[in-house]
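# Inside the fold
Given next are the chains, with one letter for each unit.
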Amino acid sequence: MKMRVDIKKRVLFSTLTASVIVALLSACSSNTAAPASTTPQASTSSTPKAAEGPSGGKLRVGIITDFSTMDPAKSTTLIDEELYNNIYDDLVMVTPDGKLIPGLATKWTISDDAKTYTFELRQGVKFHDGTDFNAQAVIDNWNWIMDKANASPRSSDLVLVQELTAPTPYTLVVKLKTPFTPFLATLSDRTGLISSPTARKKYGDQFDMHPVGTGPFEFVEWNKNDHLTIKKNPNYWNKGFPKLDEIEFKPIINQSQKLNALISGQVDLIDSIPFQDIPKVEKTKGLKLGSGTSFGFSRLYINFTKPQFQNVHIRRAMNYAINRDEINQIIYFGKFVPGYSFFSTASWANDPNIKATYSVEKAKEELKLAGSPDGFTFTFLSANDPQSMQLTQLFQSQLAKAGITMKIEALDSSAITKRTVGGDFEVAGGGWSGMVDPDQNSYAFAVTGAPFNRGKYSNPEVDKLLQQARELKTNEERKKVYSQVSTILQEDVPFVFTGYQPVINVWNDKVQGYEVYPDQLLRLYKTTISK
């Protein structure tokens, strides 16, 4: 899947819907976006070369909300990741096609039993504080994450690590307890972002205000709720990058104000726009839109601890009653991708044969089988911004056609998170920004007791299959298993999937060399701006 860049023609999603707000504040069209091969040889893709374009200058970026922490080992939000890949480098990098290529790890080999990974690390790389990047630095980072006393949310990424060794200064050997095919993809996310052990020791709990990585830009200052500034790393290992001298991130929570800031020249690039502003963008000279389907998904999730939702026919009635095509047209102006599983059309794991039929008649039949021919009533937790409410009210009207009464409780996103984590809900809506490997978009949501399985769904067969998919070596084998999982979920209906989140960025015509990524992150090392 290649992301498109269309000038004033295409826009694919609103970040103000409940699904995308949760994706930003919580956290992660052809089937060609695949992880790097798990055969013993690393990807042969070369390190990006410097693009033609002007050097220097300052880029101003409008973002949907302020960052929460500059420490990847403590982060759980997508918004933080919009910054991280500019201060830090991953061991394994992601391309705009969604493939994995060498980063700070230049190559790797995997043992025949798929439990030992040997990484050769990039030499001559310095952290921003002048200390050396090497295998011991990676080990120090991961030991900190795995130390329970630090309560790192990234510890689950390394739960299968049995032993870490450095036979040479630039060789890292990782022994796993069991095979884990998504391990390389994990290293393209926050766990693979390596920070300076010296700086962490120096600043302690204040490290998140003094981030030190190896990335193309160095941290300058963070004036919370106003701006965060980073500057060019003059000693960056990838010669010719970055092109910019400085980047300033400005949180502008009101989406319309953020677009107006772009149009008026107060910022040069923004990370999202609402759908209702499509006409304005199309009519505004000098704006560019970059769009594509992300690895993310949107769905309603159902609380299995509530007695009426333990009846599968109740859940199936809801699934039949949701008209995804109508949602796409009314809410998303035809730009959303209706979806039926965890696996986006951007993912190699997507099975186009997995569908959920819209049928009011079948919904009513399921209600009869449930013993509720006159329907039932439940309460839905919705984000309280206007566009989320518009989507929620459309859900409400669609369900009503089948005789299902949906009450709405509107809350801010933090309150919804608190309620759903505590199990205090019947049905809620949410999205996931998506990551490279399908395991990262499914296991934590569907396995019994998994951290994002807030509806307490439990099916031993699904648990078994998702674990099996972690251990199989080829994408072909894994895809068959993920199709089985998707089929079971369509029968069980612990989730009512609605679609796959598009990703969109908008910038002015002074900006060049910017690329849109399916994981929705901002990577600005190749970006230039005319003066």
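Residues numbered from 1 in each chain as written. Predicted model: local features only at pLDDT ≥ 70, side-chain atom pairs only at ≥ 80, totals over all residues. Heavy atoms only, no water.

From N to C terminus, the protein includes 15 helices and 22 strands. Over its C-alpha trace the protein gives a radius of gyration of 23 Å, about what one expects of a compact globule, namely 24 Å for 531 residues. In terms of principal-axis extent, the alpha carbons of the protein reach across some 70 × 55 × 40 Å. Classification of the 531 residues of the protein by burial places 61% in the buried group. Surface summary for the protein: the accessible area is close to 20,000 Å², and the carbon and sulfur share equals 49%. (Helix = DSSP H or I, 4+ residues; strand = E, 2+ residues; numbered from the N terminus. Rg over C-alpha atoms; globule rule 2.2 N^0.38 Å. Buried < 20%, exposed > 50% of the residue type's maximum accessible area, 1.4 Å probe, protein only. Areas by Shrake-Rupley, 256 points an atom, 1.4 Å probe, with all protein chains shown as cover.)

Attention now moves to the environment of Gly292. By the element assignment, Gly292 lies in strand β13 (residues 287-293). Residues Gly292 and Asn328, spaced 36 residues apart in sequence, show a C-alpha to C-alpha distance of 16 Å.

To continue, consider the sheet that holds strand β15 (residues 337-338). Taking strand neighbours across the sheet as the criterion, the six strands line up as β15-β19-β14-β18-β16-β17 in an open arrangement whose pairing is mixed. Of all strands in the sheet, those bounded by a partner on one side alone are β15 and β17 (405-411). In this structure, strand β14 (residues 297-302) lies alongside strand β18 (residues 427-432), joined through six bridges in antiparallel fashion. Looking at β18, one finds that Phe297 is bridged to Trp432. (Pairing = 2+ DSSP bridges.)

Let us now look at the domain arrangement of the protein. When its domains are assigned, the protein resolves into domain 1 (56-88 + 215-286 + 509-530), domain 2 (89-197) and domain 3 (296-501). Between the C-alpha centres of domain 1 and domain 3 there is a distance of 32 Å. On the domain 3 side, the residues contacting the seven residues of domain 1 number eight residues. Buried surface at the junction of domain 1 and domain 3, summed over both partners, amounts to about 680 Å²; 62% is from carbon and sulfur atoms. For the pair domain 1 and domain 3, the number of links is zero salt bridges. There are one residue pair in polar contact (both at pLDDT 80 or more) connecting domain 1 and domain 3. Considered class by class, the residues forming the side of domain 1 that touches domain 3 number four nonpolar, two polar and one charged. (Domains from an automatic or database assignment. Contact = heavy atoms within 4.5 Å. Buried area = accessible area lost by both parts, 1.4 Å probe. Salt bridge = Lys/Arg side-chain N within 4 Å of Asp/Glu carboxyl O. Polar contact = N/O pair within 3.5 Å; in protein donor to acceptor, adjacent residues only side chain to side chain. Nonpolar A, V, L, I, M, F, W, Y, C, P; charged D, E, K, R; others polar.)

Here the focus is the sheet that holds strand β7 (residues 161-168). In spatial order, the strands read β5-β6-β8-β7; together these four strands make up an open sheet with antiparallel pairing. Two strands lie at the open edges of the sheet, namely β5 (105-110) and β7, each paired on one side alone. The mean angle between the axes of side-by-side strands here comes to 20°, regardless of whether they run parallel or antiparallel. Bridge count for β7 against strand β8 (residues 171-176) is five bridges, and the pairing is antiparallel. Bridged to Val161 within β8 is Leu176. (Axes fitted to C-alpha atoms, helices over the stretch in contact; angles between N-to-C directions.)

All right, on to the nonpolar core then. If you look at the biggest cluster of nonpolar residues, it comprises 77 residues, and the most contacted ones within it are Leu91, Phe119, Leu121, Trp142, Val174, Phe183 and Phe249. Take this core: its biggest share by element is six residues, from helix α3 (residues 135-146). If you count residues domain by domain, this core takes at least three from each of domain 1 (56-88 + 215-286 + 509-530) and domain 2 (89-197). Listed in part, the 34 residues of the second largest apolar core include Leu381, Met435, Tyr457 and Phe497. (Core = buried A, V, L, I, M, F, W, Y, C linked by side-chain atoms within 4.5 Å.)

Within this structure, the stated rule accounts for 32 aromatic pairs. Pairing Trp432 with Phe452 gives two aromatic rings, centres 5.5 Å apart and planes at 50°, and the pair type is tilted. Residue Trp432 is located in strand β18, and its partner Phe452 is located in the loop between α13 (443-446) and α14 (460-471); the two are separated by 20 residues in the primary sequence. Look at Trp432 and you get buried, because its relative accessible area is 6%. Accessibility expressed as a relative area gives 25% for Phe452, which makes it partly exposed. Taking the centre distance of 5.6 Å and the plane angle of 50° together, the rings of Phe495 and Phe497 count as tilted. This pair shows no difference in class: Phe495 is buried, exactly as Phe497 is. Here a set of aromatic residues connected by ring pairs shows up, and it is made of Phe297, Phe304, Phe342, Phe343, Trp348, Trp432, Phe445, Phe452, Tyr457, Tyr482, Phe495 and Phe497. Lying across the ring of Trp222, Lys224 places its NZ or CZ 4.8 Å from the centre. Between Arg470 and the ring centre of Tyr443, over which it is positioned, the NZ or CZ distance is 3.4 Å. (Phe/Tyr/Trp six-rings, centres within 6.5 Å; stacked < 30°, edge-to-face > 60°. Lys NZ or Arg CZ within 6 Å of the ring centre and 35° of its normal.)

Taken together, the buried positions of helix α6 (residues 255-263) are occupied by Gln255, Lys258, Leu259, Ala261 and Leu262. Buried residues along α6 cover an arc of 155° about the axis, so they all sit on one side. On the buried face of α6, the contacting elements are β2 (58-63), β12 (269-270), α7 (278-283), β13 and β20 (502-508). The backbone nitrogen of Ser256 has a side-chain oxygen 3.1 Å away, supplied by the residue at the start of α6, namely Asn254. In the stretch just after α6, Gly265 is the one whose phi turns positive, near 90°. (Arc of directions from axis to C-beta.)

On the secondary structure map, Val174 appears in strand β8. In the structure, Val174 is positioned 12 residues away from Gln162 in sequence and 7.7 Å away in space, judged by C-alpha atoms. The residues touching Val174, leaving out its near neighbours within four places in the chain, are Lys115, Thr116, Tyr117, Phe119, Trp142, Val161, Glu163, Leu164 and Phe183.

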